[in-house]
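# Observations on the three-dimensional arrangement
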Amino acid sequence: MDESEKNEKLGYLDNKFSKNRISKSVKEKERRLPQLPFSEKGVVMRFAPNPSGPLHLGHARAALLNDEYVREYGGKYILRIEDTDPKRVDPDAYRTVLEDIDWLGLQITDVVYQSSRLSLYYENARQLIEIGGAYACTCDNEEFRLLKGRKEVCPCRSQSEKETLDLWDKMEEGFFKEGEISLRLRTQIDHPDPAMRDFPLFRILNSPSHPRVEAHLYPLMNFSVSVDDHYLGVTHVIRGKDHIANTCRQKFIFDYFGWQIPYYRHYGRMGIEGVVLSTSDIRKGINEGRYTDWDDIRLGTLRALGRRGITPAAVRRAVLEIGIGETDIQFSWENLFAKNKEIIDPVSHRYFFVPDPVAVKISGTKPTIAKASLQPSDPLQGSRNIAFHDTVYIPSVELNRKIEYLRLKDLFNILIKIEDGTISAEYAGNSLEEARSKKAPIIQWLPYEENVPCTLLTPEGVVKGLCEQGVLNETGKEVQFERVGFVKIDKFDKGEITAYFTHR
RNA sequence: GCUGCUAUAGUGUAGUCCGGCCAAUCAUGUCGGCCUUUCACGCCGACGACUGGGGUUCGAAUCCCCAUAGCAGCACCA
């Protein structure tokens, strides 16, 4: 897919093809994000995931919000892979994160890996030490925590720049083992917020080994992020409010170096109804066999959403509507589904799917071929031909409703007869008007001879049924099973179609 | 415990900075109707909110104070 195709798919190109009624009304409904200050000359923004697993809805918000601003103001959009903690790096994630970003349609202009920038961090650490901004602390963690709580300095804090530099050399050389020493920033030990007091900048890690680089001395995020944001020229940072404290911490670092601080904006926490979002919890669930994989449709990962038929454009619209407010919110599937429907309804092909099918022989008529529209709002997309011989499958629920007069959609009316437990039907005319006036249910059906088994996976359970053979051409696409809902055709395997229920 | 952020209908969101045009916007949802060879789409209508209490003011969703609730940070994670 080239760039323009991609944009069009995401609803960005307002070209001659998108002048139809639906996309126009959608466009009018779209609201804009609030303006960012200092954006006149364009912006440099970044999306900075930790490569610990595939991306989920929470990542999508950060990624899409930033993406949208870069699209609006122009500039650079940097993907920064934050892999400075080998404990939290999943080698596969280097690939999956990129795949997910591609799916989302982000306009990334630059990609950097923090693990390739360790020497930059070391150099800046050295500088920071030289100007007296940091000291090497050998205190026990718990001990330091207690001192900090009492606003008391630790003995290491009084070391001279020379002493710190010597210790730093040893840290770089590998003289210290994990946990023995860390480099701390000199902030204010009596800062009212305990979270600000002399927080750490670097630590030693002897294991596990890093998949991309040989190292033992790693920066902590507040240092690497500050250094990168500065050297990469980041102008605006949109991130979750769980980073508010980090923003304050990073300002201490910027101040030491005399760097210009980017514009920060923090959006609120986002909870998602009934879904596990945490990467570590998902991983655990997969390992324990509770989920099939990262794209298990019960998950909130982007690949899971894609698999059940949620489009990236819908995710984008939903996320932009939520915006950058600081209020904690409850993300609702209803709203996402509505956005998705806006997108897929006008283009999804329609098919009949008959759940729990019952065969009914119809007397009093001759074989014929029904013509049904593939896409009712756009006849140009063609139609399906469904052959009627003499027996059809209809959903068993329709019989349970005890209504005798029915219309088979796009075919004709029938009268159901149940005698001694055998079900049959009689042809009852072609008139649609008559069916309407008698308020006959208009139902989906399939010929006895031509159909294909289909398993529909829904949140409520598995529905076995039959569907039209035309569905075989729709693998990987979203279609609508008439009177059932939108589904994504997952695969055709062993003579059977598997589909995932997307939403009504 | 300390520090900070937030608070508009079931959900999301506009309005809050610079008080009156807000008996509060839009979307979604639910219900009802219309349209329609789908229980989809579209159209019409209804339902539904300023967390509470004080204060300032002629006038407060909007400013101030207190309370309450939710969330975050106080990691050698990001």
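Quick notes on the rules
- Residues numbered from 1 in each chain as written.
- Chains lettered and ligands numbered in written order.
- Predicted model: local features only at pLDDT ≥ 70, side-chain atom pairs only at ≥ 80, totals over all residues.
- Heavy atoms only, no water.
- Helix = DSSP H or I, 4+ residues; strand = E, 2+ residues; numbered from the N terminus.
- Rg over C-alpha atoms; globule rule 2.2 N^0.38 Å.
- Buried < 20%, exposed > 50% of the residue type's maximum accessible area, 1.4 Å probe, protein only.
- Contact = heavy atoms within 4.5 Å.
- Areas by Shrake-Rupley, 256 points an atom, 1.4 Å probe, with all protein chains shown as cover.
- Lys, Arg positive; Asp, Glu negative; His and termini not counted.
- Charge placed at Lys NZ, Arg CZ, Asp CG, Glu CD.
- Near = heavy atom within 4 Å.
- Polar contact = N/O pair within 3.5 Å; in protein donor to acceptor, adjacent residues only side chain to side chain.
- Nonpolar A, V, L, I, M, F, W, Y, C, P; charged D, E, K, R; others polar.
- Pairing = 2+ DSSP bridges.
- Axes fitted to C-alpha atoms, helices over the stretch in contact; angles between N-to-C directions.
- Domains from an automatic or database assignment.
- Buried area = accessible area lost by both parts, 1.4 Å probe.
- Parallel < 35°, antiparallel > 145°, perpendicular 65-115°, else oblique.

## Considering the overall build of chain A
- Scanning chain A from N- to C-terminus turns up 15 helices and 27 strands.
- Relative to its length of 504 residues, chain A is extended, with a C-alpha radius of gyration of 30 Å against a globular reference of 23 Å.
- Within chain A, buried positions represent 51% of all 504 residues.
- At a minimum sequence separation of 6, the contacts of chain A that also span at least 24 residues come to 69%.
- Accessible surface for chain A amounts to roughly 24,100 Å². Of this, 50% is attributable to carbon and sulfur atoms.
- For chain A, the separation between the mean place of its 71 positive charges and that of its 75 negative charges on side chains is 3 Å.

## Thoughts on the protein's contact with RNA strand B
- Near RNA strand B lie 56 residues; those nearest to it are Glu 82, Gly 179, Arg 203, Arg 483 and Arg 504.
- Across the atoms of RNA strand B situated within 4 Å of the protein, the share located in sugar and phosphate is 72%.
- The contact in question runs from a sugar or linking oxygen of RNA strand B to an N or O atom on the side chain of Glu 326, over 3.3 Å.
- Between RNA strand B and Lys 341 there is a distance of 2.8 Å, counted from a phosphate oxygen to a side-chain nitrogen or oxygen.
- Contributing elements (two or more residues each) for the surface near RNA strand B: α6 (141-149), β6 (200-204), α9 (244-257), α12 (312-322), β11 (329-331), α13 (333-344) and α15 (432-437).
- The biggest single contributor to the surface near RNA strand B is α13, with four residues.
- Looking at the surface near RNA strand B residue by residue, the classes come out as 16 nonpolar, 11 polar and 29 charged.

## Notes on the sheet that holds strand β26 (residues 485-493)
- Taken in spatial order, the seven strands line up as β12-β25-β26-β27-β23-β24-β13 in an open sheet, and their pairing is mixed. Two strands close off the open sheet at either side, each with one partner strand: β12 (349-351) and β13 (353-355). Neighbour-to-neighbour, the strand axes of this sheet turn through a mean angle of 40 degrees, independent of strand direction.
- Most of the contacts of α13 go to strand β27 (residues 496-503), to which it runs at about 120 degrees, and overall it touches β25 (478-481), β26 and β27.

## A few points about the domain arrangement of chain A
- Under the domain assignment used here, chain A contains domain 1 (3-28 + 41-116 + 224-342), domain 2 (118-219), domain 3 (359-445) and domain 4 (452-503).
- Each of domain 1 and domain 4 was reduced to a C-alpha centroid, and the two centroids are 30 Å apart.
- Domain 1 puts 10 residues into the contact, and the matching count from domain 4 is eight residues.
- Across the domain 1/domain 4 interface, buried area totals approximately 830 Å², and carbon plus sulfur atoms make up 57% of it.

## Focus: the packing of helix α3 (residues 57-73) against α12
- Remark: α3 packs on α12, axes separated minimally by 9 Å, with the N-to-C direction vectors making an angle of 80 degrees. For the element pair α3 / α12, the angle class is roughly perpendicular. Seen from α3, the contacting residues are Leu 57, Ala 60, Arg 61, Leu 64, Leu 65, Asp 67, Glu 68 and Arg 71; seen from α12, they are Val 315, Arg 316, Val 319, Leu 320 and Ile 322.
- Of the residues that constitute the contact of α3 with α12, the class distribution is eight nonpolar, no polar and five charged.

## Considerations on the side chain of Ser 224
- Of note, Ser 224 is situated in helix α8 (residues 221-231).
- Relative accessible area serves as the criterion here: at 0%, Ser 224 is assigned to the buried category.
- Here the side chain of Ser 224 touches Met 221 through a polar contact of 3.3 Å, landing on its backbone oxygen.
- What Ser 224 contacts, discounting residues up to four positions off in sequence, is Thr 84, Gln 114, Tyr 121 and Pro 219.

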